[in-house]
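Chain residues, written in single-letter form:
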Amino acid sequence: MINFQKGHVTLHEFKLVMSSLYYVYEALEGEIERNKENPVFSPLYFPLELHRKSALEEDLEYFYGPQWRKKINFPQSTKNYVERLHHIGRKEPELLLAHAYTRYLGDLSGGQVLKKIAQKALQLPATGEGLAFFTFQHVTNATKFKQLYRSRMNSIDFDSATKKKILEEAKTAFLLNVKVFEELQTLSTRQNDNITDDASTLRNRVPKSIKAGDSNYRIHTSEQTTFFKQFPRWVAIGGCVLLAIM
């Protein structure tokens, strides 16, 4: 945590995270759309306020360029997460609640801290380019919105057995996120000596004094481990609250 708070996050790492999150939100929001009129989920349908897919598309185009879809990674752990989301969306849509709550409430809470750190460490523009994922333009007060979301969730009439399944799915959601970031850490470590493209990717968007190989672009494996360990903590913010209120 200390190293991450000091801003030890590389552009390469950040791009890996954003790429995996794109696939996760593409699947999650696809299944939410499928079930938006289903009474087991419809009270939590807030596409304007919460949906992140289009924001991630904006960020990925900023980092990778117009052909970003051909350049981003789709690791196996992310594929497993996506498969789980599609499975429950089709078979047990009430379990989408656990994933939506865990992800979106984490984004509204811990994700805001990561936004500030990433913006400073990567020297991203103060105007917000590359950080659309963290910007909830239609949520004017995050605390009040989270209260509304929890109230809506508690208004859904589930029996005790279904509540138990949702709680178990929240644990699954957290573990799936952990697996994703563990694999991203491994990928980042393997490619630590082959990330010179980062400098050219944002050549016109960061100070020319920053070059591939500088501390903002390359860090030791121990620091990479610290960085990637923060993301499951971020996701856990939503999950832990879910466990507390159901």
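A brief structural summary. These numbers were taken from a predicted model, which means no experiment stands behind them.

So, how was this worked out
- Here the residue index of a chain counts from 1 through its sequence in written order.
- Restriction of local features to residues with pLDDT of at least 70 applies here, the model being predicted, together with a cutoff of 80 or more for giving and counting side-chain atom pairs; totals for whole chains, interfaces and linings are based on all residues.
- Each side-chain value is derived from all of the structure's non-hydrogen atoms; neither hydrogens nor water enter the calculation.
- Secondary structure elements are defined from DSSP: runs of H or I of at least 4 residues count as helices, runs of E of at least 2 residues count as strands, and each element is numbered from the N terminus.
- Categorising residues by exposure relies on relative accessible area from a 1.4 Å probe, with only protein chains included: less than 20% of the type maximum marks a residue as buried, more than 50% marks it as exposed, and the intermediate range marks it as partly exposed.
- It only takes one pair of heavy atoms within 4.5 Å for two residues to be counted as in contact.
- The Shrake-Rupley method, run with a 1.4 Å probe sphere, supplies the accessible areas, and residue values consider only the shown protein chains as cover.
- In this scheme, a helix's expected span is set at 1.5 Å multiplied by one less than its residue total.
- As used in this record, nonpolar core signifies buried Ala, Val, Leu, Ile, Met, Phe, Trp, Tyr and Cys residues forming a set joined through side-chain atoms within 4.5 Å.
- Note on method: axes are straight lines fitted to C-alpha atoms, helices fitted across the in-contact stretch only, with angles between N-to-C directions ranging 0 to 180 degrees.
- Our angle categories are set so that under 35 degrees counts as roughly parallel, over 145 as roughly antiparallel, 65 to 115 as roughly perpendicular, and the remainder as oblique.
- A clockwise turn of the near helix away from the far one marks a right-handed crossing, whereas an anticlockwise turn of less than a right angle marks a left-handed crossing.
- When residues are sorted by character, Ala, Val, Leu, Ile, Met, Phe, Trp, Tyr, Cys and Pro go into the nonpolar class, Asp, Glu, Lys and Arg into the charged class, and all the rest, Gly among them, into the polar class.
- A pairing counts as a salt bridge when a side-chain nitrogen of Lys or Arg comes within 4 Å of a carboxyl oxygen of Asp or Glu.

From N to C terminus, the chain includes 11 helices and zero strands. Listing each helix as α and each strand as β along the chain from the N terminus yields α-α-α-α-α-α-α-α-α-α-α. When the 246 residues of the chain are sorted by exposure, 50% land in the buried category. The long-range fraction of contacts in the chain, counting pairs at least 24 apart against all pairs at least 6 apart in sequence, stands at 84%. Split by element, the accessible area of the chain, about 11900 Å² in all, is 49% carbon and sulfur.

Here helix 2 (residues 11-34) spans 34 Å end to end across 24 residues, near enough to the 34 Å set by a 1.5 Å rise per residue. Buried residues dominate helix 2, accounting for 20 of its 24 residues.

In the Ramachandran plot, Gln 123 falls in the positive-phi region, its phi being about 50° despite a non-glycine side chain. Looking at the element boundaries, Gln 123 is found in the loop between helix 7 (110-121) and helix 8 (142-155). Look at Gln 123 and you get partly exposed, because its relative accessible area is 30%.

Within the largest apolar cluster, 58 residues are counted, with the highest numbers of intra-cluster contacts made by Phe 14, Met 18, Leu 50, Tyr 104 and Tyr 149. Elements with a minimum of two residues in this core: helix 2, helix 4 (53-64), helix 5 (76-91), helix 6 (96-108), helix 7, helix 8 and helix 9 (160-190). With 13 residues, helix 2 is the largest single contributor of residues to this core. Apart from the residues lying within four places of it in its own chain, the contact partners of Phe 14 are Phe 63, Ala 118, Leu 122, Gly 130, Leu 131 and Phe 134.

What follows covers the environment of Pro 75. Mapped onto the elements of the fold, Pro 75 is located in the loop between helix 4 and helix 5. A sequence separation of 55 residues divides Pro 75 from Ser 20, and the C-alpha atoms of the two residues are 7.5 Å apart. If near-sequence neighbours (up to four positions away) are discounted, Pro 75 is found in contact with Ser 20, Glu 183, Leu 184 and Leu 187.

A separate point is the packing of helix 2 against helix 6. The N-to-C vectors of helix 2 and helix 6 enclose an angle of 130°; their axes lie 11 Å apart at closest approach. With respect to each other, helix 2 and helix 6 are oriented oblique. Pair helix 2 / helix 6 crosses with left-handed handedness. Residue-level inspection shows Leu 21, Val 24, Tyr 25, Leu 28, Glu 29, Glu 31 and Ile 32 of helix 2 in contact with helix 6, the latter providing Leu 96, His 99, Ala 100, Arg 103, Tyr 104 and Asp 107. Class assignment for the residues of the contact of helix 2 with helix 6 results in eight nonpolar, one polar and four charged.

A full pass over the atoms with the stated rule returns nine salt bridges. The partner of Glu 168 in a salt bridge is Lys 171, with the nearest N and O atoms 3.3 Å apart. Placement of the pair is Glu 168 and Lys 171 together in helix 9, with a separation of three residues, close to one helical turn. The exposure class assigned to Glu 168 is partly exposed, which follows from its relative accessible area of 39%. When its relative accessible area of 43% is taken as the criterion, Lys 171 is described as partly exposed. Where Lys 179 meets Glu 182, a salt bridge forms, and the shortest distance between an N and an O atom there is 4.0 Å. Of this pair, Lys 179 and Glu 182 are both found in helix 9, three residues apart, which corresponds to roughly one turn of the helix.

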